[in-house]
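# Observations on the model geometry
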Amino acid sequence: MTLQNLIEPTSIAVIGASPNPEKIGHQILDNIVRGGFDGGVYPINPKEREILGLKCYPNIMEVPGQVDVAVIVVPAEIVPSVLEDCAKKRVSHVVVISSGFSEVGNKDLEKEIVEICRKNSMRLLGPNVIGYINTATKLNASFGPDFPFPGKIAFLTQSGALGVAITGWTWMERVGLSVLVSLGNMADVSFSDLIDYFSYHADTTCIAAYMEGIKGDGRKLVEAASQTSLNVPIVAFKAGRSERGRAATVSHTGSLAGESGVYDGAFKQSGIIRANSLHELFDKSLGLSLLPPMVGGNCLIITNAGGAGVMAADTAEKLDIEIYDPPERLKRTFKSIVPPYGSVNNPIDLTAMAIGGDFREAIKAALLDPSVNAVLVAYTVTRMVDPMDIAKAVHEAISSAGIKKPIVVNLIGGVECETAAKWLKGHGIPSYPTPERSIKVISALRGYGDYLASELEGFKPYKVDKRSVEEILNGTSRRVLREDEALEVFRAYGIDTPKTLLVKSQEEVISALKKGDLEYPLVMKISSPDIQHKTDVGGVKLGIKDEKEAVKAFEELMKNVKKAKPGAEIEGVVVQETAPRGVEVIIGGLKDPTFGPTVMFGLGGIMVEVLKDVVFRVAPVNREECLKMLQEVKGSELLKGVRGAKEVHMNCLAEGLSRLSQLIYDFPEIAEVDANPVIAHENDICAVDALIRLE
Ligand code: COA
């Protein structure tokens, strides 16, 4: 059921409304009444006849007419019976303010209220929430102190206390909210439901989310956010970046799947802009709520101080925003404004002599020039010009240029700058006190613009040999597949591997080689369920050139392993052709508790082991998204070929990753899988070693 009736109700009841001003039931009713909500308001309390001048009803069934929302403020144990009454009254949405549910371990009571709501098609916000506020309809159904500063951001918060705390701050900072929703325990209404709803909401141009955890709702979130991001940008701050323990993992993918990395990937693929602090959440949300998305990646900085320009340029470089050299035509215009001792190269330094008019003309020229993608005005306070003059100059330039282009203002100075910044924000122009914060906002506008510009085709499954994989998985009693089996699974999904055989005796080695199935040089590796790191026990031989060496290698491998790990069960020796030379990478997949099947890419060797340079996505992912993953790792330059090496075949590598994402998605019984290393070369990829752990 849509959340329309919840966010924009025409009537609301407060169950547990109290005449006692110290009780939350009183404060919520008072907020609704004083806020100016013009729908029906019904206090419910069996002991009272009137509260705050409104007729009070003993129970909700007695209320005449329809009730869209019931806000419930009675002790937790009474909530189920109150919900039954709401069901009888056919209330569509309930908001349970009460604490005392799963957050304190009372899971059964929470389950009970969810069941009552589901059975009766009622949507439930909470429990354990402060309520919600809609600034446009003047509905304050919360026990927060007041309305937040009105604006275009829908703020969704998992922490109720933060919702209360933020209210006063929004006035101080002039960060405007359309709606504030406290999500609490998210027993029913979740981030994904709200993100879905705010995709089309007349008063909202950006969604800001404060998340602590999204339970098992990750996949739904990715789906909802991917769609909503096409209409409305979403910025999220996920608190609690602690890496979660994964005791059962055996793969590299498992050990590298920190919570943060998986969230990062999920956010990226669904267009969610990630914030790393509360400040960043609101900085970016303000920018995205007021400005159009950025088309292209360059920014022109207009400043009156070298320092501000340099700091902005430094941050821009880190965030991949191009501080480009403006075209001659634009330089000519700047020359007519900038004194000879200034600079017409980006950052454009108007010098400390600049007055409002200089800023206005330079900004206008930058906005009008089609080569400029975004403008940063970086002003440092001088005696020459008051910050308010700069604020007005920016406003005039935007009005007279009549162009919708991202423009962010950074005013550095004292209280006058703060006043001017407030004025700017009140006029729809984002302003921040430091160059770094301003550039981060420009980078968010770019990230959002890039998401809109990317081709968002869904995943089209590859033709694969699913039956062979089923046979292997059904035919084993092992928790971790044998290497030769795991490689066969990869082959069935179209990922190339070297020709591989498992031999159990010297005779089998000889007969396999006699058949001429394998080409020298060969690699031989011990196969044992008890040995994960074969090299450590002398379980790998490389560069075997003939039959004689192969027989000897078999013998030595057996001897080494029996000595290093006497009790280990040995299944035989894997004989494998040598893979072509290339760049070592790792591709993997894992079932994440929040997002379900995920896929990972990283560069092999120290890049993955020491630097943990890996990226994740929620599976399945198409080749285009996989290409982005290849570019996101810090060492991506290595794929392009360094020191005379040829560039690897990016499309083949991306396709291999995409095929692996299909594998982990197709088989829920696979807990983790990785191929490490995969050799990526100029023509293809080749998975040399593979590991698959089943649930
Ligand atoms: N229908 C309607 N009203 C009822 C009722 C019923 N079935 N049963 C009781 N009431 C009335 C009570 O009589 C009382 O009104 P009164 O002041 O006139 O006596 C009112 O509801 C509230 O009940 P009370 O027992 O006094 O509870 P309380 O106000 O002390 O606490 C909560 C209720 C919900 C606020 C409290 O249990 C709670 O959960 N507090 C934490 C809230 C919170 O922090 N939420 C999360 C924020 S992040």
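Whatever comes next refers back to the structure up there.
Heads up: these notes are all about the structure in this document. (Residues numbered from 1 in each chain as written. Predicted model: local features only at pLDDT ≥ 70, side-chain atom pairs only at ≥ 80, totals over all residues. Heavy atoms only, no water.)

## Some points on the overall build of the chain
The helix and strand inventory of the chain stands at 23 helices and 29 strands. Taken along its principal axes, the extent of the C-alpha atoms in the chain is 95 × 80 × 40 Å. Per-residue burial for the chain yields a buried fraction of 56% across its 695 residues. For the chain, the accessible surface area stands at approximately 28,900 Å², while carbon and sulfur atoms represent 51% of it. The centroid of the 76 positive side-chain charges in the chain is displaced by 0 Å from the centroid of its 89 negative side-chain charges. (Helix = DSSP H or I, 4+ residues; strand = E, 2+ residues; numbered from the N terminus. Buried < 20%, exposed > 50% of the residue type's maximum accessible area, 1.4 Å probe, protein only. Areas by Shrake-Rupley, 256 points an atom, 1.4 Å probe, with all protein chains shown as cover. Lys, Arg positive; Asp, Glu negative; His and termini not counted. Charge placed at Lys NZ, Arg CZ, Asp CG, Glu CD.)

## Digging into the site of the ligand
In the vicinity of the ligand there are 23 residues, among which Ser18, Lys23, Asn45, Lys47 and Ser99 approach most closely. A distance of 2.5 Å separates an oxygen atom of the ligand from a polar side-chain atom of Lys23. For the ligand, whose unbound accessible area comes to 960 Å², protein coverage reaches 71%. Of the residues that constitute the shell around the ligand, the class distribution is 14 nonpolar, 7 polar and 2 charged. (Near = heavy atom within 4 Å. Polar contact = N/O pair within 3.5 Å; in protein donor to acceptor, adjacent residues only side chain to side chain. Nonpolar A, V, L, I, M, F, W, Y, C, P; charged D, E, K, R; others polar.)

## Section: the sheet that holds strand β19 (residues 431–432)
If you walk across this open sheet you meet the 5 strands as β16-β15-β17-β18-β19, and the pairing is parallel. The open sheet has two edge strands, β16 (348–349) and β19, and neither has a second partner. One ladder, built from 2 bridges, connects strand β18 (residues 407–412) with β19; its direction is parallel. Note that in β19 the partner of Val409 across the bridge is Ser431. The strands that helix α11 (residues 306–318) touches are β15 (300–303), β16, β17 (375–380) and β18; relative to β15, the one it contacts most, it runs at about 160°. With respect to the sheet, helix α16 (residues 435–453) is in contact with β17, β18 and β19, its orientation differing from that of β18 by roughly 170°. (Pairing = 2+ DSSP bridges. Contact = heavy atoms within 4.5 Å. Axes fitted to C-alpha atoms, helices over the stretch in contact; angles between N-to-C directions.)

## As for the sheet that holds strand β12 (residues 206–211)
Across the sheet, which stays open at both edges, the 7 strands sit in the order β9-β8-β11-β10-β12-β13-β14 with mixed pairing between neighbours. Of all the strands in the sheet, just β9 (139–142) and β14 (273–275) have a single pairing partner and so form its edges. Direction aside, the axes of adjacent strands within the sheet are offset by 20° on average. Here strand β10 (residues 150–157) runs beside strand β11 (residues 177–182); their pairing, made up of 6 bridges, is parallel. Across the sheet, Phe155 pairs through a bridge with Leu180, a residue of β11. Sheet contacts for helix α5 (residues 160–173): β10, β11 and β12; angle to β10, the most-contacted strand, approximately 160°.

## Section: a negative patch on the surface
A surface patch of negative charge is lined by Glu84, Asp108, Glu112 and Glu115. The element contributing the most residues to the negative patch is helix α4 (residues 107–119), with 3 residues. Mapping Glu112 onto the fold places it in helix α4. On the basis of relative accessible area, Glu112 is assigned to the partly exposed category, the value being 37%. (Patch = residues over 30% accessible without salt bridge, like charges linked within 9 Å, V, L, I, M, F, W, Y side chains within 5 Å. Salt bridge = Lys/Arg side-chain N within 4 Å of Asp/Glu carboxyl O.)

## What to know about the packing of aromatic side chains
Applying the stated criterion to the full structure yields 11 aromatic pairs. Their ring planes at 70° and their centres at 6.0 Å tell us that Tyr42 and Tyr57 sit as a pair that is edge-to-face. Highlighted residues: Tyr42 in strand β2 (residues 40–44) and Tyr57 in the loop between β4 (54–55) and β5 (69–72), separated in sequence by 15 residues. Judged by relative accessible area, which is 16%, Tyr42 ranks as buried. Residues Tyr197 and Phe198 carry aromatic rings whose centres are separated by 5.1 Å and whose planes lie at 75° to one another, so their mutual orientation is edge-to-face. As far as the burial class goes, Tyr197 and Phe198 line up, both buried. By the ring-pair criterion, three or more aromatic residues cluster together here, those being Phe155, Trp169 and Phe282. The positively charged end of Lys392 is found above the aromatic ring belonging to Trp423, 5.9 Å away from the centroid. (Phe/Tyr/Trp six-rings, centres within 6.5 Å; stacked < 30°, edge-to-face > 60°. Lys NZ or Arg CZ within 6 Å of the ring centre and 35° of its normal.)

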